[in-house]
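Spelled out from the first residue to the last, the chains are:
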Amino acid sequence: MAAETKLAETNESHLLIIEDDQGRKEFTLDRPLYSIGRRDCDITLVSQFVSRRHATLVRLPRDDKNHSYYYRIVDGDAKGKPSANGLMINGRRISAHDLKNEDEVVFGPQVRAIYYLLRDTARPMVESDVTEYDITLINPGMAEDLDEDMED
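The present account deals with the structure reproduced in this document. (Residues numbered from 1 in each chain as written. Predicted model: local features only at pLDDT ≥ 70, side-chain atom pairs only at ≥ 80, totals over all residues. Heavy atoms only, no water.)

## Section: the overall build of the chain
Selection criterion: In DSSP terms, a helix is any run of H or I states spanning at least four residues, a strand is any run of E spanning at least two, and both are numbered starting from the N terminus. The classification of residues rests on relative accessible area computed with a 1.4 Å probe and restricted to protein chains. Under 20% of the type maximum is buried, over 50% is exposed, and intermediate values are partly exposed. Residues count as neighbours in contact if any of their non-hydrogen atoms are within 4.5 Å of one another.
On a plain count of helices and strands, the chain comes out with one helix and 13 strands. Out of the 152 residues in the chain, the part that is buried amounts to 29%. The contacts of the chain with a sequence gap of at least 6 include a subset with a gap of at least 24, amounting to 45%.

Shown next, in the form of structure tokens:
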């Protein structure tokens, strides 16, 4: 019987790793909007150098047929009020940026985030006839020989 191959889908996960005065925290991004800042935010940054509402993450659709999306980070709150210190993204001061895998966002001294776009492409699943496999039986006497070798 011929093997049938099913095409697997590509799954994406969006991960934001934050490093601040309290250490390292991981956030799996799956919501359409996140506020980032020092107080009353979806993602809280612990640092005196960060604004109360320092940045906003917005989920936007990609122009493809896979129904995938990406995140844009914008300086300030959702109403457009910018943060006091701004954002440094990959070493450049930018007010908005479409995040790409391994982008580094610096909010202030010793407060940063790394964005990861993880693609889990499953390998094609193959359905096969069970009779294709060779099953070799082991003689129980062989296991006794192994035990003796290990005692030596």
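Now that the structure has been shown, the text picks up again.
## Things to note about the sheet that holds strand β5 (residues 43-44)
What counts is decided by this rule: Between any two strands, at least two bridges found by DSSP are needed for them to pair.
Ordered in space as β5-β4-β6-β7-β10, the five strands form an open sheet in which the pairing is mixed. Because the sheet does not close on itself, it has two edges, and the strands there are β5 and β10 (96-98). Pairing of strand β4 (residues 33-37) with β5, which is carried by two bridges, proceeds in the parallel orientation. If you follow Ile36 over to β5, its bridge partner there is Ile43.

## Some points on the pairing of strand β7 (residues 69-75)
Relative to β7, strand β6 (residues 55-61) runs antiparallel, the two being bridged by seven bridges. The partner of Pro61 across the bridge, within β7, is Tyr69. In terms of strand pairing, β7 meets β10 through three bridges, oriented antiparallel. The partner of Val74 across the bridge, within β10, is Ala96.

## Quick look at the pattern of salt bridges
Note the threshold: By convention in these notes, a salt bridge is any Lys or Arg side-chain nitrogen within 4 Å of a carboxyl oxygen on Asp or Glu.
Per the counting criterion, the structure on display carries eight salt bridges. Note that Glu12 is salt-bridged to Arg62, the shortest N-O span being 3.8 Å. Placement of the pair is Glu12 in strand β2 (residues 10-20) and Arg62 in the loop between β6 and β7, with a sequence separation of 50 residues. When its relative accessible area of 23% is taken as the criterion, Glu12 is described as partly exposed. Several salt bridges converge on common partners, so that one network encompasses Glu12, Arg62 and Arg119.

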